[in-house]
Amino acid sequence: MDRIRIIIVEDEIVIATDIKAHLVSRGFEVLSIATNSEEAMRDVETLKPDVVLLDILLRGGVDGTVVAQKINSRFGIPVVYLTAHTDKATLAKAEMTDFYGYLVKPVNENILYVTLKMAYHKHQLETRIRENEQRLKNILDSLRDLIYVIDSRYRILWINHNVIAAFGDVTGIRCHEVFEKRGDVCPDCPVNTTFRDGQAHYIEKSLRLGSEDRLFVHTSHPFESGEGEKKQALLILSDITRERREMEELNRSREELRNLSAYLESVRERERTAIAREIHDYMGQSLTALKIDLSWVYKNLAGDVAALGNKLSGMMDLVDEAIQNTRNLCSELRPGILDDLGLSAALEWQTAEYEKMTGIQCSFESRPPDLVVNPDISTAAFRIFKEAMRNIIHHSGADGVEIRLDLGNGELRLAVEDNGRGISPEEAGSGRSFGIIGMRERAHHCGGELEVEGRAEGGTRVLLKIPVRE
Ligand SMILES: Nc1ncnc2c1ncn2[C@@H]1O[C@H](COP(=O)(O)OP(=O)(O)OP(=O)(O)O)[C@@H](O)[C@H]1O
Ligand SMILES: [Mg+2]
């Protein structure tokens with residue numbers, strides 16, 4: 001340990017020298033001996049000792065307590081008094097100042113040693129406590145929150161800087177008088193609940209700050225100050241006005257996007273239906289009429305016109321193909337079966353088509369077999385089903401798919417389960433999986449939800465749930 005550095009302020013040079021010899025022999029370092037107050041102040045300023053040993057009555061009637069005050073307030077260095085007087089008046093005067101010990105001349109060597117050691121360590125300890133307190137205060141002041149300590153009678157005992165900035169110095173005032181300008185405890189007071197059950201509690205509540213209402217989360221924690229007071233609470237007010245506004249803004253723009261995408265979807269659906277009808281009505285009918293004419297010509301050909309007959313037969317095949325393609329195109333755009341026979345029939349038919357097209361074994365079950373839901377929901381379910389099947393065909397490597405449609409307990413459920421490689425959570429939750437995002441959006445727009453996940457037994461399950469009024 002470093003040696004404790006001392007300045008002796010004593011006008012009796014013999015006494016001072018004697019004390020110095022004692023101190024040095026006990027391991028102290030004596031930086032100087034000052035014989036008057038000016039020398040004392042100069043030496044303290046330049047040498048910065050750990051402790052000053054100061055004669056309480058210096059030559060010329062100088063009051064040592066005044067010098068001690070100056071040393072304390074300017075340099076924060078502890079002073080131990082040295083005096084020949086033990087009268088009450090001198091003691092009382094000394095007690096008015098911050099001092100760390102009181103030694104009576106002639107000084108006992110051991111008492112001198114112990115007193116100076118104690119003075120040094122007490123001062124070190126106090127400095128450390130002060131530094132910690134300051135650090136804690138700086139931390140609490142640098143937080144955005146308003147922080148209070150409240151006693152069992154709801155009086156504010158301690159506040160951080162933000163509270164002063166917002167409400168002024170409100171220590172000693174009851175919290176309900178400060179926050180709500182009321183005489184009794186607020187009915188929803190979280191501190192009250194904390195006092196009752198000893199747990200942390202929070203509420204959200206607006207407070208008027210200046211001319212503005214701000215939204216705060218008020219959190220109260222049981223608190224022990226260690227000062228004998230049993231019930232205290234730490235109340236932390238966090239301003240969430242900005243976060244709440246941003247969240248509302250985000251939700252609003254999400255809602256707008258959802259509405260926009262639903263609107264675009266319904267427009268697209270209407271267009272598709274219209275195009276399908278047009279193709280069906282005009283193209284289909286014209287081609288059919290053409291085929292009838294061609295067949296009439298074929299039947300009414302006279303003489304040996306086999307070559308022409310062959311040609312015409314080929315043309316009729318082409319027309320057949322065109323009619324079939326037109327039908328396929330129409331049902332791809334908007335399957336008439338969905339509008340004519342409903343969701344169960346449309347899914348069953350579409351499942352059979354996929355099976356034919358891909359060779360993947362598909363089973364379809366509907367309970368009830370011919371369930372009816374409103375056109376928006378059946379369109380959404382049908383499109384989601386097609387997207388799920390497209391993913392199975394392109395990504396799963398499955399050779400079997402089970403499709404189940406259920407209506408019951410106020411909910412339509414459509415489950416599409418394949419036995420392929422299984423989708424990973426990352427693929428299912430990626431912000432770039434636009435096919436899946438589109439499916440979810442459709443489900444949300446009908447007030448429903450969509451789960452896409454790998455199954456424990458392998459493969460992927462797409463589950464659509466939409467609440468319906470039966
Ligand atoms: N049934 C499935 N089995 C295995 N993986 C799947 C399945 N469905 C989807 N995935 C994986 O999830 C990813 C995201 O699917 P999503 O439908 O969102 O996009 P995409 O099919 O790749 O592209 P898009 O649908 O836009 O044409 C796919 O690329 C694929 O890796
Ligand atoms: Mg896809």
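Residue indices follow the written sequence of each chain, beginning from 1 at its first position. Ligands are numbered from 1 and chains lettered from A, in the order in which they are written. Reporting in this predicted model follows two pLDDT cut-offs: at least 70 for local features of residues, and 80 or more for side-chain atom pairs to be given and counted; totals over whole chains, interfaces and linings ignore these cut-offs and use all residues.

Let's shift gears to the nonpolar core. In this description, a nonpolar core means buried residues of the types Ala, Val, Leu, Ile, Met, Phe, Trp, Tyr and Cys, linked to one another by C-beta atoms lying within 7 Å. Around each residue's C-beta, the other C-beta atoms within 10 Å are counted; 20 or more make the residue buried, 12 or fewer make it exposed, and counts in between make it partly exposed. All C-beta atoms are placed from the backbone. If you look at the biggest cluster of nonpolar residues, it comprises 34 residues, and the most contacted ones within it are Leu 343, Ala 381, Ile 384, Phe 385, Ala 443 and Leu 464. For this core, the secondary-structure elements that each account for two or more residues are helix H12 (343–358), helix H13 (375–396), strand E14 (400–408), strand E15 (411–418), helix H15 (434–445), strand E16 (449–454) and strand E17 (460–467). Secondary structure elements are defined from DSSP: runs of H or I of at least 4 residues count as helices, runs of E of at least 2 residues count as strands, and each element is numbered from the N terminus. No other element matches H13, which puts nine residues into this core. When sequence neighbours within four positions are dropped, the list of residues in contact with Ala 443 reads Ala 380, Ile 384, Gly 448, Glu 449, Leu 450, Leu 464 and Ile 466. Grouped together as the second largest cluster of nonpolar side chains are 33 residues, Ile 33, Val 44, Ile 71 and Tyr 120 included. Residues are scored as being in contact if the C-beta atoms we place from backbone atoms lie within 7 Å.

With that settled, the discussion passes to the pairing of E14. Of the two faces of E14, only one is covered, namely that formed by Val 401, Ile 403, Leu 405 and Leu 407; the face formed by Gly 400, Glu 402, Arg 404, Asp 406 and Gly 408 stays uncovered. Strands pair, by our definition, only if DSSP identifies at least two bridges between them. The sheet contact formed by E14 and E15 spans eight bridges and is antiparallel. Paired with Leu 407 across the two strands is Leu 412, which belongs to E15. Between the end of E14 and the start of E15, which pair antiparallel, lie two residues, with Asn 409 showing a positive phi angle near 50°.

Next up on the list: the packing of H12 against H13. Helix axes use the C-alpha atoms of the stretch in contact, all axes being lines fitted to C-alpha atoms, and the angles between their N-to-C directions lie in the range 0 to 180 degrees. Running from N to C, H12 and H13 cross one another at 15°; their axes reach a closest spacing of 11 Å. By the criterion of interaxial angle, the relationship of H12 to H13 is roughly parallel. Crossing handedness for the pair H12 and H13: right-handed. Residues Leu 343, Ala 346, Leu 347, Gln 350, Tyr 354 and Thr 358 of H12 form the contact with H13, whose participating residues are Ser 378, Ala 381, Phe 382, Phe 385, Lys 386, Met 389 and Ile 393. Angles are sorted into four bins: roughly parallel if under 35 degrees, roughly antiparallel if over 145, roughly perpendicular if 65 to 115, and oblique for all others. It is the rotation of the near helix from the far one that decides the hand of a crossing: anticlockwise by less than a right angle makes it left-handed, clockwise makes it right-handed.

Turning next to the site of ligand 1. Any residue qualifies as near a molecule or strand once its backbone-derived C-beta atom lies within 6 Å of it. Surveying the vicinity of ligand 1 reveals 15 residues, the closest of which are Asn 391, Ser 396, Glu 427, Ser 433 and Gly 435. Every element with two or more residues in the shell around ligand 1 is listed here: H13 and H15. For the shell around ligand 1, the element with the most residues is H13, which contributes five residues. Along the lines of polarity and charge, the residues of the shell around ligand 1 split into four nonpolar, eight polar and three charged. Under the grouping applied here, Gly and all other residues not named as nonpolar or charged are polar, the nonpolar ones being Ala, Val, Leu, Ile, Met, Phe, Trp, Tyr, Cys and Pro and the charged ones Asp, Glu, Lys and Arg.

The split of the chain into domains comes from an automatic or database domain assignment. Domain annotation for the protein reports domain 1 (5–139), domain 2 (143–239), domain 3 (246–332) and domain 4 (337–467). The C-alpha-based centres of domain 1 and domain 3 are spaced at 106 Å.

Turning our attention to the packing of helix H9 (residues 241–299) against H15. The interhelical angle for the contact between H9 and H15, taken along N-to-C directions, is 95°, at an axis separation of 10 Å. Taken together, the axes of H9 and H15 are roughly perpendicular relative to one another. The residues of H15 that touch H9, namely those facing Arg 258, Ser 261, Ala 262 and Glu 265, are Glu 441, Arg 442, His 444 and His 445. Taken together, the residues that form the contact of H9 with H15 break down as one nonpolar, three polar and four charged.

Here Ile 403 is to be found in strand E14. Classification of Ile 403 as buried rests on a count of 23 C-beta atoms within 10 Å. Residues Ile 403 and Asp 418 lie 15 residues apart in sequence; the distance between their C-alpha atoms is 8.8 Å. Look past the residues within four positions of Ile 403 in its chain and what remains in contact with it is Leu 347, Thr 351, Cys 362, Ser 363, Phe 364 and Val 416.

Right, let's get into the sheet that holds strand E8 (residues 146–151). On the basis of which strands lie adjacent, the open sheet formed by five strands has the order E9-E8-E12-E11-E10 and antiparallel pairing. Of all the strands in the sheet, the pair left with one neighbour each is strand E9 (156–159) and strand E10 (201–209). Strand-to-strand twist across the sheet, computed as the mean angle between neighbouring axes with direction ignored, equals 30°. Contacts between helix H8 (residues 190–197) and the sheet are confined to E8, E10, strand E11 (212–223) and strand E12 (232–239), with E11 contributing the most and set at about 10° to the helix.

Omega for the peptide link from Lys 105 to Pro 106 comes to -5°, which places this bond in the cis form. On the secondary structure map, Pro 106 appears in the loop between strand E7 (101–104) and helix H5 (109–142). Between Arg 367 and the following residue, Pro 368, the backbone shows a cis peptide bond with an omega angle of -10°. If you check the backbone angles, Lys 48 has positive phi at about 45° while not being a glycine. Summarising the element assignment, Lys 48 is placed in the loop between helix H2 (37–47) and strand E3 (51–55).

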